[in-house]
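Structural description and commentary
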Amino acid sequence: MPAVSANLAKLERAVARTRASHSGQPYAEVHRALVEALEHEGAQRILPQVVEELARQISEAPASPLPDLHT
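Right, let's walk through the structure included here. Residue positions within a chain follow its written sequence, with the count starting from 1. For this predicted model, a pLDDT threshold of at least 70 governs which residues receive local features, and a threshold of 80 or more governs which side-chain atom pairs are given and counted, while totals over whole chains, interfaces and linings are taken from all residues. The side-chain figures draw on all heavy atoms in the structure; neither hydrogens nor water molecules are used.

1. Here we look at the nonpolar core
Soluble globular proteins tend to bury their nonpolar side chains together. Threshold: As used here, the term nonpolar core means buried Ala, Val, Leu, Ile, Met, Phe, Trp, Tyr and Cys residues forming a set that is joined through side-chain atoms within 4.5 Å. Each residue is assigned to one of three classes by its accessible area relative to the maximum for its type, calculated with a 1.4 Å probe on protein chains only: buried under 20%, partly exposed between the two thresholds, exposed over 50%. Residue contacts follow a heavy-atom distance rule, with two residues in contact if any of their heavy atoms lie within 4.5 Å.
Counting 12 residues, the largest nonpolar core is built from Leu11, Ala14, Val15, Val30, Leu34, Ala37, Leu38, Ala43, Val51, Leu54, Ala55 and Ile58. With residues near it in sequence (within four places) discarded, Val30 still touches Thr18, His22, Gln25, Ala55, Ile58 and Ser59.

Below, the structure written as structure tokens:
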């Protein structure tokens, strides 16, 4: 099962990176960014339906507010 764990870690990193940079953005942009992040991580055999659902969730999530640098 080490290969499964390694692939899951790659998926988690790609999702975290995409969520941090694309939360609340249009689905098409999120989907493109997530696919690129998965490719960059070398994540393999992620079902298209899983990628689509993750992209939808990231797209529908509220964007993270920017930190207030004036406090």
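Let's pick the thread back up.
2. A look at unusual backbone geometry
At Arg45, a position not held by glycine, the phi torsion is positive, near 55°. Judged by its relative accessible area of 83%, Arg45 falls in the exposed class.

3. As for the side chain of Ser23
What counts here: Only DSSP runs of H or I reaching four residues or more are called helices, and only runs of E reaching two or more are called strands; each is numbered from the N terminus. Here a polar contact is taken to be a pair of N or O atoms separated by no more than 3.5 Å, where protein atoms must pair a possible hydrogen donor with a possible acceptor and residues adjacent in sequence count only if both atoms sit in side chains.
Its location among the elements puts Ser23 in the loop between helix H1 (2-22) and helix H2 (27-41). The exposure class of Ser23 is buried, given its relative accessible area of 10%. Reaching out from Ser23, the side chain makes a polar contact with the backbone oxygen of Arg19 at a distance of 2.6 Å. The residues touching Ser23, leaving out its near neighbours within four places in the chain, are Thr18, Ile58, Ala61, Pro62 and Ala63.

Honestly, that's just the spatial picture; any functional story needs more than this.
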